[in-house]
Amino acid sequence: MFQRFERPVRCADGHLFTTIWVPLASLKAVRLGRRRYQRCPVGHHWALVSPLDPAAMTVEEQAAAAAVHDVRVP
Ligand SMILES: [Zn+2]
């Protein structure tokens with residue numbers, strides 16, 4: 001369901017979405033350990049987001065995260 005370098009993430013407000021998560025390279029976010037401070041496309045706000053393990057997510061959570069990408073990948 002998720003492309004390479006795409007990770008489902010959850011923002012501090014609990015919104016689920018998918019973002020580009022490239023190790024050691026971050027062009028549009030402030031890295032704070034495993035968390036990042038970036039724009040949340042669900043709530044349209046800035047928030048700390050944490051990467052999620054797809055294997056630990058429910059199908060509903062995966063679907064919710066996959067439904068919203070912060071970057072349109074052609
Ligand atoms: Zn949010």
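Before reading further, recall that the structure is shown in the block above.
These figures come from a predicted structure and were not determined experimentally.

1. Describing the coordination of the zinc ion
Reference values for angles at a metal are 109.5 degrees in the four-donor tetrahedral case and 90 or 180 degrees in the six-donor octahedral case. Within the protein, the atoms that donate to the zinc ion are Cys11 (SG), His15 (ND1), Cys40 (SG) and His45 (NE2), at distances of 2.0 to 2.4 Å. Seen from the zinc ion, its four donor atoms lie at angles of 103 to 118 degrees, and the figure they make is tetrahedral. Donor residues for the zinc ion, ordered by position in the chain, follow C-x3-H-x24-C-x4-H. Side by side, Cys40 and His45 carry an identical accessibility label, which is buried.

2. Points about the side chain of Arg36
If you trace the backbone, Arg36 turns up in strand E4 (residues 35-40). Although Arg36 is buried, it forms no salt bridge, and the closest oppositely charged side chain is Asp70 at an N-O distance of 5.4 Å. A polar contact of 3.3 Å, which involves the side chain of Arg36, links it to the backbone oxygen of Ile20.

3. Brief notes about the nonpolar core
Val9, Cys11, Phe17, Trp21, Cys40, Ala47 and Val49 together form the largest nonpolar core, which totals seven residues. When residues of this core are traced back to their parent elements, those giving at least two are strand E1 (6-11) and strand E5 (45-51). Residues contacting Ala47, with those up to four places away along its chain left out, are Cys11, Ala12, Arg36, Tyr37 and Gln38. With five residues, the next largest nonpolar core counts Leu16, Leu52, Met57 and Ala65 among its residues.

4. Quick word on the pairing of E1
Each regular strand shows side chains that alternate between the opposite faces of the sheet. Here E1 runs beside strand E2 (residues 16-20); their pairing, made up of five bridges, is antiparallel. Its bridge partner lying in E2, Arg10 is registered against Leu16. What sits between E1 and E2 in their antiparallel hairpin is a turn of four residues, with Gly14 showing a positive phi close to 90 degrees. Strand direction decides the pairing type here: E1 and E5, joined by three bridges, are antiparallel. Of the residues in E5, the one forming a bridge with Arg10 is Ser50.

5. Here we look at the pattern of salt bridges
Following the criterion strictly, the structure yields one salt bridge and no others. Ionic pairing is found between Glu61 and Arg10, a salt bridge with its closest N-O pair at 3.5 Å. With Glu61 in helix H1 (residues 59-67) and Arg10 in strand E1, the pair connects residues that are 51 residues apart, well separated along the chain. On the basis of relative accessibility, which here comes to 23%, the residue Glu61 falls in the partly exposed class. By relative accessible area, Arg10 is classed as partly exposed at 30%.

Conventions and cut-offs
- Residues numbered from 1 in each chain as written.
- Predicted model: local features only at pLDDT ≥ 70, side-chain atom pairs only at ≥ 80, totals over all residues.
- Heavy atoms only, no water.
- Donors = N, O, S within 2.8 Å, 3.2 Å for Na, K, Ca; no water.
- Tetrahedral: all angles 85-135°; square planar, octahedral: opposite > 155°, others 65-115°.
- Buried < 20%, exposed > 50% of the residue type's maximum accessible area, 1.4 Å probe, protein only.
- Helix = DSSP H or I, 4+ residues; strand = E, 2+ residues; numbered from the N terminus.
- Lys, Arg positive; Asp, Glu negative; His and termini not counted.
- Salt bridge = Lys/Arg side-chain N within 4 Å of Asp/Glu carboxyl O.
- Polar contact = N/O pair within 3.5 Å; in protein donor to acceptor, adjacent residues only side chain to side chain.
- Core = buried A, V, L, I, M, F, W, Y, C linked by side-chain atoms within 4.5 Å.
- Contact = heavy atoms within 4.5 Å.
- Pairing = 2+ DSSP bridges.

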